[in-house]
Amino acid sequence: MKIAITQFLTLDGVSQGPGSAAEDSSGGFDRGGWFVPYIDEAFVREASDWLDLADGLLLGRRTYEAFARDWPGIAEPDPFTARMNSLPKYVVSSTLERGDWSPTTVLGEDFAEALTALKAGPGREVQVHGSAQLAAALLDLGLVDTLRLAVAPVIVGKGRRLLTGRVDAGLRLAGQRTTPSGITILEYEVTGPAPLADYEGVPQSA
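None of these values were measured; they are calculated from a predicted model.

Enquirer: Would you explain the overall build of the protein in this entry?
Expert: A tally of regular secondary structure across the protein gives 5 helices and 8 strands. When the helices and strands of the protein are read in sequence order from the N terminus, they spell out β-α-β-α-α-β-β-α-β-α-β-β-β. Taking 206 residues into account, the globule formula puts the C-alpha radius of gyration at 17 Å, and the protein, at 18 Å, falls close to it. Its C-alpha atoms give the protein principal-axis dimensions of roughly 65 × 40 × 35 Å. Sorting the 206 residues of the protein into buried and exposed places 42% on the buried side. Restricting the contact set of the protein to residue pairs at least 6 apart, pairs at least 24 apart contribute 70%. Entry remark: accessible area of the protein is about 11,100 Å², with carbon and sulfur atoms responsible for 53%.

Enquirer: Where do I start with the environment of Ser 94 in this structure?
Expert: Topologically, Ser 94 is positioned in the loop between strand S3 (89-92) and strand S4 (104-107). For Ser 94 and Arg 160, which are 66 residues apart along the polypeptide, the C-alpha to C-alpha distance reads 21 Å.

Enquirer: Would you explain the side chain of Ser 131 in this entry?
Expert: Along the chain, Ser 131 turns up in the loop between strand S5 (125-129) and helix H5 (132-140). In contact with Ser 131, not counting residues within four places along its chain, are Gln 7, Leu 59, Gly 60 and Thr 63.

Enquirer: When you look at the side chain of Thr 81 in this model, what are you seeing that I'm missing?
Expert: Looking at the element boundaries, Thr 81 is found in helix H3 (residues 81-86). Here Thr 81 falls in the buried class, since its relative accessible area comes to 6%. Excluding residues that lie within four positions of it along the chain, Thr 81 makes contacts with Trp 71, Ile 74, Ala 75 and Glu 76.

Enquirer: Even after reading the chapter, I still don't get the pattern of salt bridges, so can you show me in this structure?
Expert: Where charged atoms of side chains with opposite charge meet at close range, the side chains can pair. Overall, the coordinates contain 14 salt bridges when judged by the stated rule. Measuring nitrogen to oxygen at the nearest pair gives 3.2 Å for the salt bridge that ties Asp 30 to Lys 158. Of this pair, Asp 30 sits in the loop between strand S1 (2-9) and helix H1 (41-52) while Lys 158 sits in the loop between strand S6 (146-151) and strand S7 (170-178); the two residues are 128 residues apart in sequence, bridging distant segments of the chain. Overall, the relative accessible area of 33% leaves Lys 158 in the partly exposed class. Note that Glu 65 is salt-bridged to Arg 61, the shortest N-O span being 3.0 Å. Taken together, the residues Glu 65 and Arg 61, both in helix H2 (residues 61-70) and 4 residues apart, mark about one turn of the helix. Overall, the relative accessible area of 37% leaves Glu 65 in the partly exposed class.

Enquirer: Would you explain H5 in this entry?
Expert: Those residues of H5 that sit buried are Ala 132, Leu 134, Ala 135, Ala 136, Leu 138 and Leu 139. If you follow the buried residues of H5, they end up packed against S1, strand S2 (54-60), S3, helix H4 (111-119), S5 and strand S8 (184-192). At the exit of H5 stands Gly 142, carrying a positive phi of roughly 75 degrees.

Enquirer: Is there a simple way to think about H1 in this case?
Expert: Side chains that are three or four residues apart share a direction in an α-helix, a result of its 3.6 residues per turn. The end-to-end C-alpha distance of H1, which contains 12 residues, comes to 17 Å, matching closely the 16 Å that a straight helix rising 1.5 Å per residue would cover. What H1 keeps buried is the set Phe 43, Glu 46, Ala 47, Ser 48, Trp 50 and Leu 51.

Enquirer: For this particular structure, what's the right way to read the pairing of S2?
Expert: Of all 7 residues making up S2, 6 are buried, and the element is well covered by its neighbours. In terms of strand pairing, S2 meets S5 through 4 bridges, oriented parallel. Among the inter-strand pairings, Leu 58 is bridged to a residue of S5, identified as Val 128. Across 4 bridges, the pairing between S2 and S3 is parallel. The residue bridging Leu 58 from the neighbouring strand is Tyr 90, located in S3.

Calculation criteria
Here the residue numbering is sequential within each chain, running from 1 through the sequence in written order. Under the rules for a predicted model, residues below a pLDDT of 70 receive no local features and side-chain atom pairs below 80 are neither given nor counted, while totals for whole chains, interfaces and linings still include all residues. Heavy atoms from the whole structure form the basis of all side-chain values; hydrogens and water molecules are not counted. A helix here means a DSSP run of H or I that spans at least four residues, while a strand means a run of E at least two residues long, and both kinds are numbered starting from the N terminus. The globule rule used here is 2.2 Å times the number of residues to the 0.38 power, and the radius of gyration it is set against is calculated over C-alpha atoms. In this scheme, a residue with accessible area under 20% of its type's maximum is buried, one over 50% is exposed, and one in between is partly exposed, where area comes from a 1.4 Å probe on protein chains only. Contacts are assigned to residue pairs that have any heavy atoms within 4.5 Å of one another. Accessibility throughout is a Shrake-Rupley quantity obtained with a 1.4 Å probe, and a residue counts as covered only by protein chains that appear here. Basic side-chain nitrogens of Lys or Arg form a salt bridge, by our definition, when they fall within 4 Å of a carboxyl oxygen of Asp or Glu. How far a helix is expected to stretch is found by multiplying one less than its residue total by 1.5 Å. Between any two strands, pairing holds if DSSP finds at least two bridges.

Here it is in C-alpha cells:
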C-alpha cells in the first residue's frame, strides 16, 4: 500500500479552506472557497480518477471532523459521495477516541508504526486529503510515496500553508497538466531526502 497526498493549493502555498467559507475558519481565516471558482469538468475527471486508486483515507482530526460533518449530507449524483462515505478512514489524533463516520479507525500517538504496517500490507493507496499538518509530518517521516498538487491560479495572502516546519524531501516529477480553468496539476514521486549540491558552473558538453 502506498501513501499518497492530494492537496489543493493557492500560488502562495495556502491549503486552508479551499472548498467554502465555512470549511475552516480557524486562526481567523476568512478567504475560504478559493478553489471552487476553478473547478471544471477536466478537474472533476482527474480527481475522480485519483479517488479510484484509494483503498482508504488518511486524515488529521480537523479534516476528519469537517469531512464527517459534510460528506454524509452531500447527495448523489455527486461523483465522490459514495466512495468518500464507504472507504475505510484512518484518523490521526491524540484526542479523538472514536469516529462516527463509519468505517473509521483512530490512530493515536504511535501512528507512524501503524502506518508503516499499513504500507507493508496489500492494497493500492491510502490517500491524505487536506490535513496539511499531517501531510507535512508524513513527508518528514519519509512515509509518503506520492504527492499530488492541484494549484489554483489565485493568491489569498493569508492562511495555513502546506509545506512548513521540518519537511525535507526530494521529488521526481511524474506528471503535469493544466485544466481549461487554469488549475495546474503536479504529480510527484518522493525519492528520499532533498538532494543538495554546490553550483560549480554549467557542465560542458563533450
